[in-house]
2 protein chains.
Amino acid sequence: MEQLILLSREEAHMRVVRLQALMRRDGVDSMLVSDNANLFALCGRVYAGYAWVPADGDPVWFVRRPVELDGDNVVYIHKPENIQAYLSDAAVPVGRKIGLEYDVTAYSSIVRVMGMFPDAVFVNASGILREWRSVKTPTQVDLMRRSGMKHAEVYKRIPGLFSVGMTDHELQVEIERLSRLEGCLGVFRISGPSMELFMGNVISGKNADNPTPYDFAMGGAGLDPSLPVGANGEEILEHTTVMVDLNGNFTGYMTDMTRVFSLGEIPRIAVDAHQCSIDICHAFMEEARPGMEARLLYAMAEDIVRGRALERYFMGHRQHAGFVGHGIGIEINELPVIAPRSRGILQNGNTIALEPKFVIPGVGAVGVENTYLITDNGAECLTECPEEIVPLV
Amino acid sequence: MEQLILLSREEAHMRVVRLQALMRRDGVDSMLVSDNANLFALCGRVYAGYAWVPADGDPVWFVRRPVELDGDNVVYIHKPENIQAYLSDAAVPVGRKIGLEYDVTAYSSIVRVMGMFPDAVFVNASGILREWRSVKTPTQVDLMRRSGMKHAEVYKRIPGLFSVGMTDHELQVEIERLSRLEGCLGVFRISGPSMELFMGNVISGKNADNPTPYDFAMGGAGLDPSLPVGANGEEILEHTTVMVDLNGNFTGYMTDMTRVFSLGEIPRIAVDAHQCSIDICHAFMEEARPGMEARLLYAMAEDIVRGRALERYFMGHRQHAGFVGHGIGIEINELPVIAPRSRGILQNGNTIALEPKFVIPGVGAVGVENTYLITDNGAECLTECPEEIVPLV
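Residues numbered from 1 in each chain as written. Chains lettered and ligands numbered in written order. Predicted model: local features only at pLDDT ≥ 70, side-chain atom pairs only at ≥ 80, totals over all residues.

### Focus on the overall build of chain A
What chain A contains, in helices and strands, is 9 helices and 21 strands. For chain A, the C-alpha atoms occupy an extent of roughly 75 × 40 × 35 Å along the three principal directions. Residues classed as buried in chain A amount to 55% of the 393 residues present. Restricting to contacts in chain A with at least 6 residues of sequence separation, those with at least 24 account for 68%. (Helix = DSSP H or I, 4+ residues; strand = E, 2+ residues; numbered from the N terminus. Buried ≥ 20, exposed ≤ 12 C-beta atoms within 10 Å, placed from the backbone. Contact = placed C-beta atoms within 7 Å.)

### Points about the interface of chain A and chain B
Between chain A and chain B, the residue contacts involve 52 residues of the former and 52 residues of the latter. Looking at the side of chain A that touches chain B, the elements with two or more residues in it are helix 2 (36-43), helix 4 (107-116) and helix 7 (168-181) of chain A. Among the elements that line the side of chain A that touches chain B, the one with the most residues is helix 7 of chain A, at 6 residues.

### Here we look at the packing of helix 8 (residues 268-287) of chain A against helix 9 (residues 294-307) of chain A
Residue and element names in this part refer to chain A. Where helix 8 meets helix 9, the closest approach of the two axes is 10 Å, and the angle between their N-to-C directions is 145°. In the packing of helix 8 onto helix 9, the handedness of the crossing is right-handed. When helix 8 is examined against helix 9, the residues Cys276, Asp279, Ile280, Ala283, Phe284 and Glu287 are found in contact with a partner set consisting of Leu297, Met300, Ala301, Ile304 and Val305. Across the contact of helix 8 with helix 9, the residue classes break down as 9 nonpolar, no polar and 2 charged. (Axes fitted to C-alpha atoms, helices over the stretch in contact; angles between N-to-C directions. Left-handed = near helix turned anticlockwise from the far one by under 90°. Nonpolar A, V, L, I, M, F, W, Y, C, P; charged D, E, K, R; others polar.)

### A short note on the sheet that holds strand 9 (residues 200-204) of chain A
All names here are of chain A. Pairing is mixed in the open sheet, where 4 strands are placed in the order 9-10-13-21. Edge positions in the open sheet fall to strand 9 and strand 21 (390-391), since each of these has one partner strand only. One ladder, built from 5 bridges, connects strand 9 with strand 10 (residues 240-246); its direction is antiparallel. The residue of strand 10 that forms the bridge with Asn201 is Asp245. On top of the sheet, helix 7 reaches strand 9 and strand 10; it is set at about 145° to strand 9, its chief contact. (Pairing = 2+ DSSP bridges.)

### Things to note about unusual backbone geometry
Residues and elements named next belong to chain A. The omega angle of the peptide bond from Arg65 to Pro66 is -5°, so this bond is cis rather than trans. Position of Pro66 relative to the elements: it lies in the loop between strand 4 (60-65) and strand 5 (69-70). Even without glycine at this site, Asn73 takes up a positive phi of about 60°. Following the sequence through the fold, Asn73 ends up in the loop between strand 5 and strand 6 (74-76).

### A few points about helix 1 (residues 9-25) of chain B
All names here are of chain B. Between the first and last C-alpha of helix 1 there are 24 Å, a value that for 17 residues agrees with the 24 Å anticipated at 1.5 Å per step. Turning to helix 1, its buried residues number three or more, namely Arg15, Val16, Leu19, Gln20 and Met23. Taken around the axis of helix 1, the buried residues stretch over an arc of 130°, which confines them to a single face. Away from its buried face, by an angle of more than 90 degrees, helix 1 presents the exposed residues Glu10, His13, Val17, Ala21, Arg24 and Arg25. On its buried side, helix 1 packs onto strand 2 (30-33), helix 2 (36-43), strand 3 (48-54), strand 7 (97-100) and helix 5 (126-134). Positive phi appears at Gly27, one or two residues downstream of helix 1, with a value of about 70°. (Expected span 1.5 Å × (residues − 1). Arc of directions from axis to C-beta.)

### Considering the relation of the copies chain A and chain B
Note on the identical chains: chain A maps onto chain B by a rotation of 180° and an axial translation of 0.0 Å, with an RMSD of 0.0 Å. Interpreted geometrically, this transformation is the action of a two-fold axis. When the interface residues of chain A are mapped onto chain B, 100% of them again lie at the interface, so the same face is used by both copies. (Least-squares fit on C-alpha atoms with pLDDT ≥ 70 in both.)

### Things to note about the domain arrangement of chain A
Residue and element names in this part refer to chain A. For chain A, the assigned domains are domain 1 (2-132) and domain 2 (135-391). Taking the mean C-alpha position of each, domain 1 and domain 2 sit 34 Å from one another. Contact with domain 1, which involves 9 residues of that partner, is made by 10 residues of domain 2. Looking at the side of domain 1 that touches domain 2, the elements with two or more residues in it are helix 1 (9-25), helix 2 and helix 5 (126-134). Class assignment of the residues belonging to the side of domain 1 that touches domain 2 gives a composition of 5 nonpolar, no polar and 4 charged. (Domains from an automatic or database assignment.)

### Brief notes about the sheet that holds strand 8 (residues 121-124) of chain A
As a general point, the strands of a sheet are linked pairwise by backbone hydrogen bonds and lie either parallel or antiparallel. All names here are of chain A. Judged by pairing direction, the sheet is mixed, and its 6 strands sit side by side in the order 6-4-3-2-7-8 without closing on themselves. Unpaired on one side and paired on the other, strand 6 and strand 8 mark the two borders of the sheet. Strand-to-strand twist of the sheet, defined as the mean angle between neighbouring strand axes without regard to direction, takes the value 25°. Direction of pairing for strand 3 (residues 48-54) relative to strand 4: antiparallel, over a ladder of 5 bridges. When the bridges of strand 4 are listed, Gly49 appears paired with Val63.

### Points about the environment of Pro336 of chain A
Following the sequence through the fold, Pro336 of chain A ends up in strand 15 (residues 334-338). As a C-alpha pair, Pro336 of chain A and Leu382 of chain A span 46 residues in sequence and 17 Å in three-dimensional space.

### Points about the pairing of strand 19 (residues 370-375) of chain A
Residues and elements named next belong to chain A. By the criterion of burial, strand 19 is predominantly enclosed, with 5 of the 6 residues buried. The pairing of strand 16 (residues 351-354) with strand 19 spans 4 bridges and is classified as antiparallel. Bridging from a neighbouring strand, Leu354 pairs with Asn370 of strand 19. Relative to strand 20 (residues 378-381), strand 19 runs antiparallel, the two sharing 4 bridges. Residue pairing for strand 20: Leu373 is matched across the bridge by Glu380. What sits between strand 19 and strand 20 in their antiparallel hairpin is a turn of 2 residues.

Structure representation (structure tokens):
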């Protein structure tokens, strides 16, 4: 028998206690969690089932699969209705206000759970869970740090994978292979159903200016209209850039990181825009502190871009993304968001991917992306790797 | 400007008309579709937005991203509320009963749309959409056929990728690379949020008997508790089998296919169980016809397994999967399901992955999986490739 909880007792306790503090602040009596990312954050593993988290006391772990998990309060169930029956038999106080994951769980599943507790009032717990996950514990930071180190190691070896005549897709496949051999899990978790991505994007030349359906800073037509984003299978040409923005999920906690490569000479404006991105990242490291409003960091980036008259290329050209950074951890789109109308306030333990990017029509995309840890002593870069544009040959 | 609809006029019309027939049968007046898989089935591309499908007349395509799509009834919106305003201004009859994708769309998103139509009655349209997508048009079948051919080509080259001393993960990465270079899109679409998989599974030796949280026939501990399925990084040992069950998504429509390889001699029972799987597949090809109940095909498979006294290994050993086949197309878990209590009835144009598998403790998994097209003339295999266990060296 294997233990369900794969965290140390202290770590598991710390995570639950922090969540319960947010629940009590918002008057939520108990919460039923079933999203894979939230379960992983709670107990250190993904399983099929639910975690029942009361505002006070210990969680109950309701498991459908896998078989043979052990631990305190581990209860096997066949269907969600078994949860209500167990809580009632065990006289667990349910409370009046129950939080459910409205933003990520299908309507039918939520309605089914609501039907089990006819006397309860239901509230959306997605906001609390996002807020909870936006602040990483030292153990979670350590997992992100390990992902960041592996991520940077892979990127440093990219020029050795390139040969003249390769397509963007062929180069991407070689980076994917190297990354997987280094232990990348491959899965790129995105909260919500509308954004899809395989292992990330390699974009070169004019393909960078093809708009996508997703709220990503990067474009690209993709190989097929069923996944219209990223590499489109065209040869990497002289005088273009190659932007690499691939998956850094080596530990279940991922880093986000972008670097740019070039083939032959590239126009001055691309070099300048890339330097502007580096400068924004460095300014972010100077300025980002716990307590700061996220929207001010967006404004700071925008000011630097305006000062260099690069607005029309910033975060896209034909199509612009509306943010310059985002929280990251188990999923790619966590809190806080660095955007004009963000209500986020930076906290100690936030991990934020900052990606000031530019699309220069005909040349490609430029700009770096790093994942930063926000601490009282400043922002620490978790994806240490040279930031200049690296020639491929 | 690019056309939003990437299908021929006839194909687009045929798909919408078939969906509308199901809507009228169930008394659904109109439907608001936003799931990527359903949008792709409707118009041949994924975009961010909604399709408004009335029971009679032409759909309206509400687009948020990408920019610059063109076509009849293409309407750009910023937020879902713009849909109601447009329909009202354009005097499009909304009808009383509106279908929404309850089984795949988040509770908050559904509630937001409901709030836009205060006079409507809402129903779950997920069932109709699943039924609609379970029958493929000749154009869709052609896309699956192309995936199946590529899929088989990749599998035939697997022995050339192996060298003694490799781990299961290392072999998987080489197959992934080959597959990607042949044009595999990588993304493995699964309806619903609870099942996650990267590009599929390579399972060898005793790892095959490690139970997973997912409702898959295959086990495996995986590399990390955040994705506890499949290859676990151990060396492929003498006297074990290697089961390969990897992504066949080359066209947006995927095939599912499993083949087994061996290193050195393997026990008689593994060879016999593998032959039993092949025999079940051949019996399925003989028996599967439009009009047949899916549950009878499950019973047939079970009878064959019982006749050979292999029940304890069938569809898993420590943990058993409750089905032997499933519809497949844009997503891996389509209709009909070949399971004991399936209510599915086979139709001309169904595409079904049949995967009678066995886990032999200490040896590994055996059994084949093919994707079949159901026609009036019988079941046609879309994943033609030798079925015997292939020695790796």
